[in-house]
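Structural overview for review
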Amino acid sequence: MAKAKKPPDGIKKPRILIVTPEITYLPSGMGNMACKLNAKAGGLADVSASLVAALFDLGSDVHVALPHYRRMFHIDVGQLISDELRVYKSRLPDSRIHLAEDRCFYYRETVYSNSQNENPKLALAFSREVINNIIPTVQPDLIHCNDWMTGLIPAAARRMGIPCLFTVHNIHTHHLSLAQIEDSGIDAAEFWGNLYYTRVPYNYEESRNNNLIDMQSSGVFASHFINTVSPTFLEEIVNGWHDFIPRALREEIRNKYRSGCAAGILNAPDPSDNPETDPHLDHRYNADTHREAKRLNKLSFQRKVGLEENPDAPLFFWPSRLDPAQKGPQLLTDILYRFMSRYWKQRVQIALVANGVYQQPFHEILRFHELYGRLAVCDFSQALSQLGYAASDFTLVPSLFEPCGLPQMVGQLYGSLPVVHDTGGLHDTVEHLDPAQDKGNGFVFKIYDSRGLEWALDKAMEFFKRPPEERERNIARVMRAGQARFNHEACARSYIDIYEKMLNRPLVRSFE
Ligand code: GLC
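Residues numbered from 1 in each chain as written. Predicted model: local features only at pLDDT ≥ 70, side-chain atom pairs only at ≥ 80, totals over all residues. Heavy atoms only, no water.

So, about the sheet that holds strand β2 (residues 61–67). Within the open sheet, the 7 strands sit side by side as β3-β2-β1-β4-β5-β8-β9. Their pairing is parallel. Of all the strands in the sheet, just β3 (97–100) and β9 (262–264) have a single pairing partner and so form its edges. Pairwise comparison of adjacent strand axes, ignoring direction, gives a mean angle of 20° for this sheet. Pairing of strand β1 (residues 15–19) with β2 involves 5 bridges; the strand directions are parallel. (Pairing = 2+ DSSP bridges. Helix = DSSP H or I, 4+ residues; strand = E, 2+ residues; numbered from the N terminus. Axes fitted to C-alpha atoms, helices over the stretch in contact; angles between N-to-C directions.)

In this section: the site of the ligand. Residues in contact with the ligand amount to 13 residues; listed here are only the nearest, His169, Asn267, Glu402, Cys404 and Gly405. Note that an oxygen atom of the ligand is positioned 3.0 Å from one of the side-chain N or O atoms of Asn170. Contact between the ligand and Gly405: an oxygen atom at 2.8 Å from a main-chain N or O atom of the residue. When the ligand sits alone it has 310 Å² of accessible area, and the protein chains cover 94% of it. For the shell around the ligand, the residue count by class is 5 nonpolar, 6 polar and 2 charged. (Near = heavy atom within 4 Å. Polar contact = N/O pair within 3.5 Å; in protein donor to acceptor, adjacent residues only side chain to side chain. Areas by Shrake-Rupley, 256 points an atom, 1.4 Å probe, with all protein chains shown as cover. Nonpolar A, V, L, I, M, F, W, Y, C, P; charged D, E, K, R; others polar.)

Right, let's get into the packing of helix α8 (residues 215–222) against helix α10 (residues 247–258). α10 packs onto α8 with a crossing angle of 10° between their chain directions and a minimal axis gap of 9 Å. Judged by the angle between their axes, α8 and α10 are roughly parallel. Contact residues: Gln216, Ser217, Val220 and Phe221 in α8; Ala248, Leu249, Glu252, Ile253 and Lys256 in α10. Residues belonging to the contact of α8 with α10 are distributed by class as follows: 5 nonpolar, 2 polar and 2 charged. (Parallel < 35°, antiparallel > 145°, perpendicular 65-115°, else oblique. Contact = heavy atoms within 4.5 Å.)

So far we have only geometry, and geometry alone does not tell us how the molecule works.
Next up, the structure:
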């Protein structure tokens, strides 16, 4: 990638402000305590971190705005005048990290709340700080917003004459009135005409109290360009495939698409998702050495999660949120006992390292059928999850819909072949395996129901029974191809291309 040079006198590099409610890490050169700033609910955190890191490495003038989750950032919240906080507050003049200050963020343990009333309050506090303080301080040339929590910002940015890119990571939204927005301290009267309402607004006064604003659709409507996180998900929305996508959001995405202002950019796993360097693994490996190392990792993982210790047992791994509206865990609970009974003699194992409302049914099945040693249900932890990829033979991602999805890519990098439903980003990244022809990289079912999943699981078990040389050859091939293709520089490059198109000038290249 190109190295940035100092711009000639008088010419400034365009300044990009990335606004995100989640981040996995920030590059250490970006500002005070960058290494502490970790707040993750899902893939949005990983993707934001990778993009910021890539832009920073490239030498571009990138800034980040995120809520100040003091507790999640391990700031001692009990000691407000501690040295740590003082360091934190005395921001370096050239800091590129801008923390939105509001008490509602300080004591939280998670990014989002289970109480649906609380999330809009968090979004309003975040938007208020970004609109009233962070944008005027940073004075960006372009703002990049992510998902509904940031949905009001493009409307305000349009009023300020700043172009905005809005990335749609998921379809969730919230509705708020102008009155609620103004009560939070945002002067929405300034940009009310750029927001998306439930019905066409007649004027400001009649809309203020009872014509609700759709946050995600407002983000799409008011921004200058949008992107989804995979090309197929964009096509599915535009072609009206998913009837559960809110109509307003679908129409606004279609409008952007038809005016040539929408793209699908596939996310990429972080460069740290590499079995050769991953600090969470007991035995690191690459495509050439995967066989023995994966057996040893399987033994460590089985010991940690309470499964029977057997390196020859086929192991299926579930890494993502147990959310029945999107991720399809109910397909697995439907057939879990039947599937495990069918392959009982082969000593099949399933491990879940995931949280979510659907964890409980798995616990119940485990207890009722006494599947101890064969089924493990664990809370999410980054370390256990990384070891899970390295230990397992197969990664399960049977989602109803998937804007992009990272686990099916990480699985390939770690030699754990994905079992997926043919949708969205899963369609773009997984092709059904033909081991004899050395083609494909996973197991893909077309019809979203438990029979579909069962069919794909049977195909995975057929592959598991193939001669070891054939299996190893295919796994090594999938690992190599994944490494070459799922590349975060390529992903960052696509975002830079959009920024440059929107700004009509290069981010850094002209200074070489
Ligand atoms: C959301 C989507 C997921 C995507 C991630 C990052 O979590 O559900 O498909 O990979 O955002 O964009």
